[in-house]
Every structure is written in C-alpha cells, then in structure tokens.
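Residue-level listing of the chains:
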Amino acid sequence: MKITYHGHSVLSIVMDDGQKILFDPFITGNSLTDLTADEVETDWILVTHGHSDHIGDMVPIAKRNDATVISIVEICSFAEKNGVERTHGMNIGGKFDFPFGRVKMVHAQHSSGYEVDGQTLYMGEPAGFILQAEGKTIYHAGDTSNFGDMALFGEAFDIDIAFLPIGDNFTMGPQEAASAAKRLKAKQVVPIHYNTFPVIEQDPEAFVKLLPENVGKVMAVGETIEL
Ligand code: NI
Ligand code: MN
C-alpha cells in the first residue's frame, strides 16, 4: 500500500488492489493541504471525530465519490442526514473486516462536537483507528492526549506505523507524543496535527529527535511512503 500525508490529520492510502481510503478529510480551510475538495478521489472515508478540522469536507467528498463513511455511529448518522448514502457506523473497541482490511476503532482522549447554526451537535466519542491490511498495521490516533492504554494497543498490535498528533494545545505535544510512541512500540512514528494554526506550531524534526533512532519520520505534505 501507498500512504500519503496531506497536512494536518489528512492521510490517504491506496491499496495494492487500487482501493482508496481517506482519513479525516479536512481540505477546505486547511492551509497546509495539497488536496482539492472537489477533485479528491476515494472509496472509503474514515473520520476520527466530529471537529470541523477532521470531518472537514466529508459530506461533499462522500457524495461525489459515492464513498462509504466509516466512523462512530453518531457521525455516520449525521452524514446520512446530510445526504451521504453509504456509511458504516462503529463504536469504540469494535472491529470490522472491510474489503480493504480490518479496522479497529479505539478510544482517544479528546472531545467531539460539531457546530451547525450556532448549535453544537453531539458527534459521539472521539476515536482512533487501527487498520490491518496487506500484512501491515497502521494506527491513526486522531486527536488525543497521551494515555496509558496506548500500552495495550502496543501489546495487542504489532504497529508498523503510527500517526500521532504533536501540535499541543488541542492534543498532546511533542514530549507526550514521544512517550506515547514508546508505549505503542510502533516501528515508525509520523507526527501529524501541527503547524496548521498558530497555536499548534511545532518543530517536527525536534519531535523526531525525542524518539529512538530511525523511528520518527517527518512526512512532507504530498509525500508518499510505501509499506
Ligand atoms: Ni479535535
Ligand atoms: Mn483537531
């Protein structure tokens, strides 16, 4: 599979058989991204939580591509109410085998509301995803603090690559993310959710220096790695 970083928490994966997956499609208003909301192609959209910098362009992208939204049940229900035809609701601790691989929804310590017309909608609990496909394991942590149960994820899964937020202010910062990385025992760790807004400005290379040698990897926006 090929994994590409698109700035903030946006990732895309193209599987060997051509299926396309998009994580947290925040494109409109994302100052870092290389994607265009009305051009991006995907079959599946995985959304970690309901904040606007994660749900982003989920609805129009899903509609235009006839893609399936995979998220917590409340976000799937929101997507359906907004005209998305294909959704697959999950909840924390559950896993499901999709045509592209197995997805486990795990908890994240954060919040999850979405503002519409001045009202905050409850969008379920925030989550992370552990994807197992083509013999590899990928963890997208969503927005989260550093929490002890990441050690359980590290025991239960042989994580090849973990995408961890380092921006601080809304999530854990570099020090905590380095401590989380240690407990996850991921072979490779890529920082996400930084430098999009002034309050989450961080030096990703400084974060990489907090990790054991050859574990941390800063992905440039638009950069692709093959797993
Ligand atoms: Ni958030
Ligand atoms: Mn966020």
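Look up: the structure comes first, before these words.
All of these numbers come straight from a predicted model, not from anything done at the bench. (Residues numbered from 1 in each chain as written. Chains lettered and ligands numbered in written order. Predicted model: local features only at pLDDT ≥ 70, side-chain atom pairs only at ≥ 80, totals over all residues. Heavy atoms only, no water.)

Peer 1: Mind showing me how you'd approach the coordination of the manganese ion (ligand 2) here?
Peer 2: Coordination angles at a metal have ideal targets, namely 109.5 degrees for four tetrahedral donors and 90 or 180 degrees for six octahedral donors. Coordination of the manganese ion (ligand 2) by the protein is provided by D53 (OD), H54 (NE2), D143 (OD) and H193 (NE2), with metal-donor distances spanning 2.1 to 2.2 Å. Each donor residue of the manganese ion (ligand 2) belongs to the same chain, with the gaps between them written as D-H-x88-D-x49-H. Taken as a pair, the manganese ion (ligand 2) and the nickel ion (ligand 1) lie 3.2 Å from each other and share D143 as a ligand. Taken together, the positions of D53 in helix α1 (residues 52–55) and H193 in the loop between β14 (188–192) and α6 (204–209) put the pair 140 residues apart, joining distant regions of the chain. When sorted by exposure, D53 lands in the same class as H193, which is buried. (Donors = N, O, S within 2.8 Å, 3.2 Å for Na, K, Ca; no water. Helix = DSSP H or I, 4+ residues; strand = E, 2+ residues; numbered from the N terminus. Buried < 20%, exposed > 50% of the residue type's maximum accessible area, 1.4 Å probe, protein only.)

Peer 1: What am I meant to see in the coordination of the nickel ion (ligand 1) here?
Peer 2: The protein atoms donating to the nickel ion (ligand 1) are H49 (NE2), H51 (ND1), H110 (NE2) and D143 (OD), with metal-donor distances spanning 2.2 Å. Geometry at the nickel ion (ligand 1) is irregular, judged from its 4 donor atoms and the angles of 90 to 173° they form at the metal. (Tetrahedral: all angles 85-135°; square planar, octahedral: opposite > 155°, others 65-115°.)

Peer 1: Can you walk me through the packing of aromatic side chains in this structure?
Peer 2: Each aromatic ring pair is described using two quantities: the centre-to-centre distance and the angle formed by the ring planes. All chains considered together, the criterion is met by 9 aromatic pairs. For the ring pair F78 and Y114, a centre distance of 5.1 Å and an interplane angle of 65° mean the geometry is edge-to-face. With F78 in helix α3 (residues 73–81) and Y114 in strand β9 (residues 113–116), this residue pair connects regions lying 36 residues apart in the sequence. Owing to a relative accessible area of 11%, F78 belongs among the buried residues under this scheme. (Phe/Tyr/Trp six-rings, centres within 6.5 Å; stacked < 30°, edge-to-face > 60°.)

Purely geometric stuff here, so don't read any function into it on its own.
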